[in-house]
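Spelled out, the chains give:
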Amino acid sequence: MIYYKKDTDNIVTLTLDMKGRPMNVINHEIFEAFVPVVEQLKADKKRGTLRGVILTSGKKTFLAGGDLEYLYQTHDPAEVFAFCEKMKKFLRELESPGVAVVAALNGSAIGTGFEVALACHHRIAVNDKRTVLGLPEVELGLIPGGGGIVRLMWLLGIEKAFHILSSGQRYSPREALQAGIIDDLAPNQKEMLEMAKDWLLSNKESRRPWDQTGQSIPGGSAKEATAAEYVRAEAARLAAKTHHNYPAPQAILNVLSEGSKVDFDTAERIESRYYTQLVMSKQCKNMIKAFWFDSNYIKHGLNRPKGFGKFRPKKVGIIGAGGLMGSGIAYACLQNGLDVVMKDVSKLIAERGRDYVRNKLHPLIQSGEMTKAEGDKMMHRIVTTEDPREFETCDLVIEAVFENAMVKQKVTKEAEVFMDEYSFMASNTVSIPITKLAEVSMRPDNYVGLHFFHPADEVPLVEIVRGARTSEETVARAFDFVKAIQKTPIIVKDDWGFYAARVQNTYILEGITMLKEGYPPALIENLGRQAGMPKGALAMADDLGLNLVFNYESQAGEHYGPKYIPHPAVEALDKMLQELQRPGRHKKAGFYTYAEDGQRQLWPELSTHFGPQLSNFDRQELIDRLLISQVLEAVWCMQEGVINSIAAANLGSIYGWGFPSFKGGTIQYIADYGVEAFIARCKDLRGKYGSRFRIPKRLEELVKDSELVGDLVGMV
Ligand code: NAI
């Protein structure tokens, strides 16, 4: 598992190569394996036959992160704390026997894997773009627990360490060097090992700064005024940004602040305590559930139609590529190695898409993240045109033209003439049924919805809309395409708003209902953000356009027919649209007013038009209404087959419209609340506010289904 090889210069190379695993991981097994190795190193040192150590890996990656399955399941703080301390003891032994250790990073090292590298005296990485380095634990509601925070603070100072740790950024080797988390880059593995050896031969110092007297943290400790002021200001910024919903970044700040005032070992113990607290927290379990378990469920294709070979797209046609969505979709394809044909009404307009890509690449080339040659190569993979003939060689064509059925159908017909029968056609519509658009298609079984979100090159979600005649094979191909551009595919039914817009609409409608009830608009917006939503409900309505909000609800009415009970918000929406003529942001008049520079302010006359002001309010009840309305709609979507898995519902909600990730997504929210408490709360809300809070049958089934109960009550 750990191969020990000493050369004639008394330099030992330790190669980690865990048997029967595709990658090295940090677990009890590896600790046990290290015990005799460290003893051997100590004995060598005593005999004077050890000059230095190189730690590297026999796998493609250096060392993976912690065991998330264990962290999700465990409810034993004493055990977590003990494990954390054991890992720290092991890393202290690695860095302090008086011999310098170089981490030779032949591949990725993230999370705990990178903490091991930080415990080495020097870090060199092979400059390979596929390598990912860093400490992204915060994305899972966690913090490093192997001394990573304390070491980074001692190496870079409180401010830089906080920036790196709280952003959760993953670095390429070149970026890691710029950020100061590694010390050198090597062109290949062989030269990396030579550089490691050279460094060991020319550096006798083997004590870390924190083990030397007279050394201090760069920029000072939080005992000193400058750093203390920084910590205070950062705490305020964090509170304003996260509304105390995400404890991990605050814990990082606390470890840095408290840990900077004490000796290294005490600081490490402080880190272990915060780490343990977070592992036990609901927020962390929810985030591991969403970003690890749910994400893997989707990545492994458990929702993808079975029995079809993997589709490997090479060339994508985009109609409307000069527009907002088309250019973003094109860039997402290019970034992932696909060629694109950008078509628009004229070649000149299609060129706008090329300009979009050029503008995206410019800063990357400036910062050195991409070479000019790489940028040019990507630009050469673009063809701009007004001629649908260019689609002959495309594996799929996506239309992102105006939201107008006739225009969409026209471009579909034009394109299909030239597309071969193995390719498929996709629409990026938000509100026109795919089944309707497919009516004009020559091959309706090869026609599907691919609903990207704005900005298309950034939002990691794509809804795959299965029309009435879409074949399973086309759905499978669409799924593979979305994965090929590294986005999360969720398969949805061709109903109004699909999944994301339909559920998001319930948040907006609940906010508008509160306005109608007389709650101050600023309160509604603030509580929305405090609940963890990215924007207030009224701001979201303005951005979407009140017509579309209204339209979705009308489509719901048509769908349910006589069973439909109008949402109380409809009346207020109608008033905004008809009487007050305020349709939203695009007309610079909605619930907000808009300055020339786009800055917005709540429309001062809102309170005049919507009821008496209520000054008494139950904060928790309003927050519950804003979130539970969405959760129930998500359950309705599961009941009606709009969406088919808990994983898709959770991730779709987080990525699609920003449902709070510390709650783990719409369905995990029920587990977070506690199933029984959730049901009781819905009954209470139903009594007070009406039938939109009634509980769909599917919820009972979700709870009854033993497998899902595990998901739902995992951490309650
Ligand atoms: P846009 O107006 O920015 O772009 C539309 C593009 O289509 C323009 O470049 C236009 O010249 C081109 N076009 C129009 N007719 C054409 C034709 N016959 N042949 C070739 N090109 C033609 O619109 P946007 O916002 O990019 O929306 C496009 C589609 O994406 C719409 O269906 C919209 O509903 C949908 N969508 C929009 C989102 C958004 O946030 N803007 C989010 C998700 C989907």
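Note that this is a predicted model, so its numbers are computed, not measured.

## Concerning the pairing of strand S14 (residues 447–452)
So, point 1. Among the 6 residues that make up S14, 6 are buried, leaving the element largely enclosed by the rest of the structure.
So, point 2. Residues Tyr447, Gly449 and His451 point to one face of S14 and Val448, Leu450 and Phe452 to the other, with burial holding for every one of them.
So, point 3. Taken together, the 3 bridges between strand S13 (residues 424–427) and S14 define a ladder with parallel strand orientation. Bridging across to S14, serine 427 finds its partner in glycine 449.
So, point 4. Pairing analysis gives 4 bridges linking S14 to strand S15 (residues 461–466), with the strands arranged antiparallel. Counted as the bridge partner of glycine 449 is valine 465 from S15.

## Quick word on the domain arrangement of the protein
So, point 1. By the assigned domains, the protein splits into domain 1 (2–280), domain 2 (315–493) and domain 3 (500–714).
So, point 2. Distance from the C-alpha centre of domain 1 to the C-alpha centre of domain 2: 42 Å.
So, point 3. Buried area between domain 1 and domain 2, summed over both chains or domains, comes out near 340 Å², and the portion from carbon and sulfur atoms is 23%.
So, point 4. Broken down residue by residue, the surface that domain 1 buries against domain 2 is led by Lys129, Arg174 and Glu175, which jointly contribute 88%.
So, point 5. On the surface where domain 1 and domain 2 come into contact, there are 1 salt bridge.
So, point 6. One salt bridge in this structure joins lysine 129 and glutamate 374, with 2.5 Å as the shortest N-O distance.
So, point 7. Here domain 1 is connected to domain 2 by 2 residue pairs in polar contact (both at pLDDT 80 or more).
So, point 8. When its residues are assigned to classes, the side of domain 1 that touches domain 2 shows no nonpolar, 1 polar and 3 charged.

## Side note on the sheet that holds strand S16 (residues 488–493)
So, point 1. Pairing in this open sheet of 8 strands is mixed, and the strands run S11-S10-S9-S12-S13-S14-S15-S16 from one edge to the other. Edge positions in the open sheet fall to strand S11 (382–385) and S16, since each of these has one partner strand only. The mean inter-strand angle of the sheet, taken between neighbouring strand axes irrespective of direction, is 25 degrees.
So, point 2. Examined bridge by bridge, strand S9 (residues 315–319) and strand S10 (residues 339–343) share 5 bridges and lie parallel to one another. Bridge pairing in S10 places lysine 315 opposite aspartate 339.

## Re the nonpolar core
So, point 1. Residues Leu450, Phe452, Phe481, Tyr499 and Phe591 are the most contacted members of the largest nonpolar core, which totals 127 residues.
So, point 2. For this core, the element with the highest residue contribution is helix H25 (residues 619–639), accounting for 11 residues.
So, point 3. Sequence-distant contacts of phenylalanine 591, that is, excluding residues within four places in its chain, are made with Ile512, Leu515, Leu538, Ala541, Asp542, Leu546, Met576, Leu602, Trp603 and Leu606.
So, point 4. The next biggest cluster of nonpolar side chains, apart from the first, holds 84 residues, and it includes Ile30, Phe90, Trp154 and Tyr275.

## Brief notes about the UniProt feature "domain: 3-hydroxyacyl-CoA dehydrogenase C-terminal" (unreviewed entry) in the protein
So, point 1. Under the UniProt annotation, the feature "domain: 3-hydroxyacyl-CoA dehydrogenase C-terminal" (unreviewed entry) is placed at residues 497–594.
So, point 2. For residues 497–594, the end-to-end C-alpha separation is 27 Å, with 63% helix and 3% strand making up the annotated structure.

## Observations concerning the pattern of salt bridges
So, point 1. For the coordinates displayed, the defined rule picks out 50 salt bridges.
So, point 2. Two residues, aspartate 44 and arginine 47, come together in a salt bridge whose shortest N-O distance is 2.9 Å. Of this pair, aspartate 44 and arginine 47 both sit in helix H1 (residues 28–47), 3 residues apart, roughly one helical turn.
So, point 3. Between aspartate 265 and arginine 92 there is a salt bridge, with the nearest N and O atoms lying 3.3 Å from each other. Within this pair, whereas aspartate 265 is found in helix H11 (residues 264–280), its partner arginine 92 is found in helix H3 (residues 77–95), the two being separated by 173 residues in sequence.
So, point 4. The class of arginine 92 is buried, set by a relative accessible area of 16%.
So, point 5. Each of Arg92, Glu95, Arg151, Arg208, Asp211, Asp265 and Glu268 takes part in a single network of salt bridges with overlapping partners.

## A short note on the site of the ligand
So, point 1. In the vicinity of the ligand, 22 residues are found, and the nearest of them are Leu324, Met325, Asp344, Glu403 and Lys408.
So, point 2. Here an oxygen atom of the ligand sits 3.2 Å away from a polar atom, N or O, in the main chain of glycine 323.
So, point 3. Side-chain polar atom of lysine 408 to an oxygen atom of the ligand: 2.6 Å apart, as the coordinates give it.
So, point 4. Contact with the protein chains hides 79% of the accessible area of the ligand, taken as 830 Å² for the molecule alone.
So, point 5. Here the shell around the ligand takes 3 residues from helix H16 (residues 405–416), the largest share from any one element.

## Some details on helix H22 (residues 546–560)
So, point 1. In this model H22 runs 21 Å from its N-terminal to its C-terminal C-alpha over 15 residues, within 8% of the 21 Å that 1.5 Å per residue would give.
So, point 2. Within H22, burial applies to Leu546, Leu548, Val549, Tyr552, Glu553, Gln555, Ala556 and Gly557.
So, point 3. Where the residues of H22 are buried, they touch helix H19 (500–517), helix H21 (537–544) and helix H23 (569–579).
So, point 4. Where H22 terminates, the next one or two residues include glycine 561, which has phi positive at roughly 60 degrees.

## Observations concerning the side chain of asparagine 106
So, point 1. Considering the arrangement of structural elements, one finds asparagine 106 in the loop between strand S4 (101–105) and strand S5 (109–110).
So, point 2. There is a polar contact of 3.3 Å between the side chain of asparagine 106 and the backbone oxygen of serine 57.
So, point 3. Residues contacting asparagine 106, with those up to four places away along its chain left out, are Thr56, Ser57, Lys59, Lys60, Thr61, Phe62, Val126, Thr131, Gln189 and Met192.

## Observations concerning the sheet that holds S4
So, point 1. Here we have 6 strands laid out as an open sheet, ordered S1-S2-S3-S4-S6-S8, and mixed in their pairing. This sheet does not close on itself; its edge strands, each paired only once, are strand S1 (2–6) and strand S8 (184–186). Strand-to-strand twist in this sheet, taken as the mean axis angle between neighbours without regard to direction, amounts to 20 degrees.
So, point 2. Sitting on the sheet, H1 touches S1, strand S2 (11–16) and strand S3 (52–57), and the angle it makes with S1 is about 15 degrees.

Conventions adopted
Residues numbered from 1 in each chain as written. Predicted model: local features only at pLDDT ≥ 70, side-chain atom pairs only at ≥ 80, totals over all residues. Heavy atoms only, no water. Buried < 20%, exposed > 50% of the residue type's maximum accessible area, 1.4 Å probe, protein only. Helix = DSSP H or I, 4+ residues; strand = E, 2+ residues; numbered from the N terminus. Pairing = 2+ DSSP bridges. Domains from an automatic or database assignment. Buried area = accessible area lost by both parts, 1.4 Å probe. Salt bridge = Lys/Arg side-chain N within 4 Å of Asp/Glu carboxyl O. Polar contact = N/O pair within 3.5 Å; in protein donor to acceptor, adjacent residues only side chain to side chain. Nonpolar A, V, L, I, M, F, W, Y, C, P; charged D, E, K, R; others polar. Axes fitted to C-alpha atoms, helices over the stretch in contact; angles between N-to-C directions. Core = buried A, V, L, I, M, F, W, Y, C linked by side-chain atoms within 4.5 Å. Contact = heavy atoms within 4.5 Å. UniProt positions renumbered as here; feature names shortened; annotations may be inferred. Near = heavy atom within 4 Å. Areas by Shrake-Rupley, 256 points an atom, 1.4 Å probe, with all protein chains shown as cover. Expected span 1.5 Å × (residues − 1).

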